[in-house]
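Remarks on the overall topology
What follows is the residue order along each chain.
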Amino acid sequence: MSAAALVAVGLSLVSAVAYALAAVAQERLAARTAGAGLPRLLGTGAWWSAVGLNAAAALLHVVSLRYGPLTLVQPLGALTLVAAVPLGARAAGRRVSAAEWRGTALTLLGLAALLVTASGPAPERVLSLTEALAVAGTTAAAIGLLSRPGARPGLRHATASGFASGVASALTQTVTVAATDRTAPLLSTEVIVVAVLVAAFAVGGLLLSQTAYRGGLGAPLAVVTLANPVAAAVIGLTLLGQGLQGGPAGILLALAGAVLAAWGVVLLTRVAHEPGVAAEHATDDQHPVAAVLALEPGTATAEPALVPRQPDQPGHLTAL
């Protein structure tokens, strides 16, 4: 593995932890504010905390895209779920279950196979303005279809969120590589237009994920985690020439790794819905992270209210 690929992997690890914490914060907020509109969300500190975590994770992700190809960086987003498992178990004061260990092991094993085949050199090729607009238009049409009213809106919104985030990453890599290429103007028309598209898809993906998490974190987060690298990998393989190493054997290894990682992700999200798991986690004094992948709408405890201490209670500070 090249030095650039190692940098990309390290940055992706830290980014995954930040994304995991942000997803938990978003899900907890969605559980408390089911049916609330965007203006109310914008007025809550928890919303901005989640946005801040997402922003920090996104910044690390952007830097990692400068050093690693899409086919390497995007699948590492599955580490978000892997990071959430020990965080939730530690906060809940419990041990990681056997099923969670199996899901984690399968996910890590699959990602390891992908790392071997996708760890190519730092990206150099970028999308042309025509290609970027074509990708943006196709993705916007797909998101529009997935966002229509109908059955299972959570999973459809999660799929749309994954597509939006994956395309945003592909466009971000184009902006990053083009902006750091000293042979072209820093603020060329191509860079500006693609940067606007990145902002639109990034914000759209965030809002779509917030909507998807209102039905619970487990299945929607799994769909987002799987749809994101699929969209980015399609762009990387078809338009950016980011192939896999090892020839036919490498392709088979990458496919096997993708299947294992997907199986692990699905297993991690199914654990929370096994009988007795939700009840085990739904204690009154649990920390919000303990509910990761298990918290259902309406189960989040209300924030404690600040009640002024009465003068006759001990510890009251009287005026001087």
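Conventions we followed
- Residues numbered from 1 in each chain as written.
- Predicted model: local features only at pLDDT ≥ 70, side-chain atom pairs only at ≥ 80, totals over all residues.
- Heavy atoms only, no water.
- Helix = DSSP H or I, 4+ residues; strand = E, 2+ residues; numbered from the N terminus.
- Expected span 1.5 Å × (residues − 1).
- Buried < 20%, exposed > 50% of the residue type's maximum accessible area, 1.4 Å probe, protein only.
- Core = buried A, V, L, I, M, F, W, Y, C linked by side-chain atoms within 4.5 Å.
- Contact = heavy atoms within 4.5 Å.
- 1 Å grid on protein atoms, 1.4 Å probe; cavity = no way out; pocket = protein on both sides within 12 Å on 5 of 7 lines; lining within 4 Å.
- Points joined across faces, edges and corners; volume = space filled by probe spheres on them.
- Nonpolar A, V, L, I, M, F, W, Y, C, P; charged D, E, K, R; others polar.
- Patch = residues over 30% accessible without salt bridge, like charges linked within 9 Å, V, L, I, M, F, W, Y side chains within 5 Å.
- Areas by Shrake-Rupley, 256 points an atom, 1.4 Å probe, with all protein chains shown as cover.
- Salt bridge = Lys/Arg side-chain N within 4 Å of Asp/Glu carboxyl O.

Some remarks on helix H9 (residues 189–212)
Taking 1.5 Å as the rise per residue, H9 with 24 residues should run 34 Å; its terminal C-alpha atoms sit 34 Å apart, in good agreement. Of the residues making up H9, those classed as buried are Val-191, Val-194, Leu-197, Val-198, Phe-201, Gly-205, Leu-206, Leu-208, Ser-209, Gln-210 and Ala-212.

Notes on the nonpolar core
Core analysis: the largest hydrophobic core is formed by 49 residues, its most contacted members being Leu-72, Leu-111, Leu-171, Phe-201 and Ile-235. Dropping the residues within four chain positions of it, Leu-171 is found in contact with Leu-127, Ala-132, Val-194, Leu-197, Val-198 and Phe-201.

Points about the environment of Ser-165
Summarising the element assignment, Ser-165 is placed in helix H8 (residues 153–179). Relative accessible area serves as the criterion here: at 22%, Ser-165 is assigned to the partly exposed category. Taking C-alpha positions, Ser-165 is 9.8 Å from Gln-74, a pair spaced 91 residues apart along the chain. Here Ser-165 is in contact with Gly-205 and Asn-228, once residues within four sequence places are set aside.

Quick notes on the layout of surface pockets
Sizing a probe to match a water molecule and rolling it over the atoms shows the empty space that remains. Roughly 810 Å³ of volume is contained in the largest pocket. Around the largest pocket sit 36 residues that line it, and Tyr-19, Asn-54, Ala-58, Ser-165 and Asn-228 are the ones nearest its centre. Breaking the lining of the largest pocket down by element, the ones donating at least two residues are helix H1 (3–32), helix H3 (45–67), H8, H9 and helix H10 (218–238). A total of seven residues in the lining of the largest pocket trace back to one element, the largest contributor, which is H9. Class assignment of the residues belonging to the lining of the largest pocket gives a composition of 20 nonpolar, 16 polar and no charged. Estimated volume of the second largest pocket: approximately 420 Å³. For the second largest pocket, the lining is made up of 20 residues, of which Pro-75, Leu-114, Pro-229, Ala-233 and Ala-258 are closest to its centre. For the lining of the second largest pocket, the secondary structure elements donating two or more residues are helix H6 (98–118), H10 and helix H11 (247–271).

Observations concerning a nonpolar patch on the surface
A cluster of nonpolar residues, Val-7, Leu-59, Val-63 and Tyr-67, forms a patch on the protein surface that exposes about 330 Å² of accessible area. Looking at the nonpolar patch element by element, the count peaks at three residues for H3. The topology assignment puts Val-63 in helix H3. Classification of Val-63 as partly exposed rests on a relative accessible area of 34%.

A closer look at the environment of Val-51
Position of Val-51 relative to the elements: it lies in helix H3. Between the alpha carbons of Val-51 and Leu-206 there is a distance of 8.6 Å; along the sequence they are 155 residues apart.

Points about the side chain of His-61
In this structure, His-61 sits in helix H3. In contact with His-61, other than residues within four places in its own chain, are Ser-15, Tyr-19, Val-73, Gln-74 and Ser-169.

Looking at the side chain of Ser-169
Structurally, Ser-169 is set in helix H8. Taking relative accessible area as the criterion, Ser-169 reaches 6% and is therefore assigned buried. Ignoring sequence-local partners within four residues, the contact set of Ser-169 consists of His-61, Leu-65, Leu-70 and Gln-74.

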